[in-house]
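Spelled out, the chains give:
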Amino acid sequence: MASNQDTISSGTNAVHTGFWIDWDRGKILGATLTLRDSHAAPLLAALATLVAIASNRSWHICRIFWHSFLRAKDDHEEVVKEHRRRQQVILRNSETAGGATWNLFDEWFDFGVTKVLRECSPKDIVLGIFATGHWILFIALGVIVSQIVLGKVVVSKALPTCGQWYPATTVGGTFTQEGNRVYSELLLNQTLNVDSYVRSCYPRGGSQGILDCNKFVTRSLSYQVQHDRPCPFNSTACMPDARSTVILESGNITLSNLGLNSKYSKEISIQRRSTCAVLDADIFRIRQASSPNASLDYLKYSFWKEKETGKNAELIFKSNNQFSDDYKLVSFFLVYNPEDIALPIRPKTFTSNEVTIILLQGLGVSFLQQQDDPWFSVHTRIEYNNDTGTIQPNYVRYRMDNFLNVISCMEQFRFCSSITSRCTEFQGLTRGETLKTADYVAFGLKGANATDETDLRRIIILLQLVMPETALHRSIQGRGGAAMQATRYLNDGEQLQLATNQWKIELESWFRMSLARLQLEIFNTIERPQNVDQSRAVNIWKTNYEPLLTLCGRIKFRSPSHTSLSTFGLIMILVFSGVLMLGSLVGIVLPTTRWTRRWKTVIGWKRDEVLVLLEKTQYNNSLEVQEANVEYSVVARNGKNQQIRPLENDHLDPFLIVQ
């Protein structure tokens, strides 16, 4: 038997690493790169570093234009010219927008903020805002780099064991005795896994959530409940009246919700419905003609006919089960022709629906108080033998009124398309093979790409194979009373608590399991489940449905050890950074070409470089020293205040001359 952890860990090694398209987000935005966490973390760090470098390169481009834009005009006052020159020097030698911002603010305070506002143009304010905005923008872009992380959603890779695994069958298509045993084991393991998942991960599951609930793309599938609906069966059979039916119906479950990666993942959906009512068990009872009212050791009931003999199938229940202090719960999924199903629950047509019947016995269970629930129906007081006098007079217990209690459910599903806002007719869970070409046209696929239509047809076939496993019968799957929510409050044969309309609570629990089973059945096609012995089972995709093998590597789920990144976002970062880096070369290229090196913008740009300013300062200092030495030498020799001027410095580079 498989543990719950088997289900949770399966698929971890089936992750496709590399590029793929998530059709939920479209062909372009859906381009995705999936990496292991150990590889994704360094990549994100490198991208953040790249954005930081691009920020500097972007500022390098911007400061060239701002440097030219701030050139002082001849009619400016000297104080404004001096301020402009200081700003140009700051821009020329600030490698980052942040450094330029702080230096500009420092310059404003040195120059006087009031004077800046009074005597200078709005260029100063605009420059400050631009430098600050550029700085903040690239800080934000560095943070936004992390937004290319799409999360833990991955897609499966195509594995040799991809498909659906069932026991091998005989030539006639029936299971052997060993096959039946294996099949029962597989179904029970699946039911236990689903039950654990629902308890932990579905709303009102009742567990503390100790399992990994983030495995599926959609954690839980929603549904709604309609109460007091008309009886879908023989109106006289429904209890307590003809308007006591409950309908459990899922919302539109898209292919995307199930993790199926398809171009139509958001447009095509399915709806699952169970219409259930409590029925009078007596109408199904087989009475012996010789003594219809005799007290027997057993009672017989029939709900369908045997296919082989055409006779009523007899379900035999012991009438002395009141000695059991537990519930006996059994269920059957009636996949028969309508004429072979008992008349009160007979489907209207062959394709309209199948029927699940759920039978409950519990005469041996005692209740603390009476209950009006139609399925449990507890009003009969238990009469105890008190010959010893040990039972106190106020000790009162009740038992169920009926020997057998019956719930019958119509099981159905249908396909819907948001393209045309149309749905197919509700049909039985095993009747999917009757889907006609007209139903595909209802999806809005007429005239679509032939490859896409074929792909969607295969997905629909997969869903048709999976849907019978979502019958409420599978939620019980031979577990007896342990499949009921009421047994949580059953202690040593005594029912300590029973909610009003407990039968609806049980149905909701089983319906939640049917929805979770749908999720799990799709997920399990990724690879052979770990609890399946390959020597005792076969992959029916390879033996009977070979075209479905094209669906391998098409299931999305969440992997805790992988990270998916947006390929579009990754490319945008690389292109954006590359363009800025190439553009930043303008400050290097312009001064070197014969056509641009005489431009005023280029001359001014080279003039304000810090090393050039340093050389000029050193040169001016050396001239002052030379002049002082010459003056001193002439005075010492002639005794006169004669000044000898140095040679004209026409040979100096014009970039070293302050203009």
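Because the structure is a prediction, the values reported are computed rather than measured. (Residues numbered from 1 in each chain as written. Predicted model: local features only at pLDDT ≥ 70, side-chain atom pairs only at ≥ 80, totals over all residues. Heavy atoms only, no water.)

Participant: It is not clear to me how the pattern of salt bridges should be interpreted in this structure. Could you clarify?
Facilitator: Pairing between side chains becomes possible if they bear opposite charge and their charged atoms approach one another. This structure, assessed with the given rule, holds 13 salt bridges. Between glutamate 314 and lysine 300 there is a salt bridge whose closest N-O contact spans 3.4 Å. Taken together, the positions of glutamate 314 in the loop between β12 (298-301) and β13 (315-318) and lysine 300 in strand β12 put the pair 14 residues apart, joining distant regions of the chain. A salt bridge links arginine 517 to glutamate 521, with the nearest nitrogen and oxygen atoms 3.8 Å apart. Of this pair, arginine 517 and glutamate 521 both sit in helix α11 (residues 502-523), four residues apart, roughly one helical turn. Classification of arginine 517 as buried rests on a relative accessible area of 2%. With relative accessibility at 10%, the residue glutamate 521 sits in the buried group. (Salt bridge = Lys/Arg side-chain N within 4 Å of Asp/Glu carboxyl O. Helix = DSSP H or I, 4+ residues; strand = E, 2+ residues; numbered from the N terminus. Buried < 20%, exposed > 50% of the residue type's maximum accessible area, 1.4 Å probe, protein only.)

Participant: Honestly, the confidence of the model for the protein in this entry has me stumped. Any pointers?
Facilitator: Note: predicted coordinates in regions of low pLDDT should not be interpreted at a detailed level. Mean pLDDT over the protein stands at 78; residues scoring 70 or higher make up 70%. Confidence drops under pLDDT 50 across residues 1-9; counting only partners more than four residues distant or on other chains, this segment forms 18 contacts. The low-confidence segment residues 640-659 (pLDDT under 50) makes 25 contacts with residues lying over four places distant or belonging to another chain. (pLDDT = per-residue confidence, 0-100. Contact = heavy atoms within 4.5 Å.)

Participant: Sorry, what's going on with the sheet that holds strand β1 (residues 18-21) here?
Facilitator: Where strands meet in a sheet, backbone hydrogen bonds hold them as pairs that are either parallel or antiparallel. Read across the sheet, four strands follow the order β1-β2-β25-β3 without closing on themselves; strand pairing throughout is antiparallel. Because the sheet does not close on itself, it has two edges, and the strands there are β1 and β3 (149-151). The mean angle between the axes of side-by-side strands here comes to 35°, regardless of whether they run parallel or antiparallel. The pairing of strand β2 (residues 31-36) with strand β25 (residues 562-566) spans five bridges and is antiparallel. When the sheet's bridge partners are listed, threonine 34 is paired in β25 with serine 564. (Pairing = 2+ DSSP bridges. Axes fitted to C-alpha atoms, helices over the stretch in contact; angles between N-to-C directions.)

Participant: What exactly am I supposed to notice about the pairing of strand β8 (residues 245-250) here?
Facilitator: Burial analysis of β8 places six of its six residues in the buried class, the great majority of the element. Taking every second residue as pointing to the same face, both faces of β8 are buried, with Thr245, Ile247 and Glu249 on one and Val246, Leu248 and Ser250 on the other. Relative to β8, strand β6 (residues 223-229) runs antiparallel, the two sharing five bridges. The residue bridging valine 225 from the neighbouring strand is leucine 248, located in β8. As paired strands, β8 and strand β10 (residues 268-279) are joined by four bridges and run antiparallel to one another. Note on β10: the bridge partner recorded for leucine 248 is serine 274.

Participant: Would you explain the state of the cysteines in this entry?
Facilitator: Here, disulfide denotes a covalent bond that connects the sulfur atoms of two cysteines. Applying the stated rule across the entire model yields five disulfides. Two residues share a disulfide in this structure: cysteine 162 and cysteine 552, whose sulfurs sit 2.2 Å from each other. As the torsion about the S-S bond is roughly -100°, the cysteine 162-cysteine 552 disulfide counts as left-handed. Separated by 390 residues along the polypeptide, cysteine 162 in the loop between β4 (153-155) and β5 (165-167) and cysteine 552 in the loop between α12 (540-543) and β24 (556-558) bring together distant segments of the chain. The exposure classification of cysteine 162 matches that of cysteine 552, with both residues buried. Linked covalently through their sulfurs, cysteine 231 and cysteine 238 form a disulfide whose S-S length is 1.7 Å. Classification of the bridge connecting cysteine 231 and cysteine 238 rests on its S-S torsion, roughly 50°, and on that basis the disulfide is right-handed. What links to what in the protein: the bonded cysteines, counted in sequence order, pair as 1-10, 2-3, 4-5, 6-7, 8-9. (Disulfide = S-S within 2.5 Å.)

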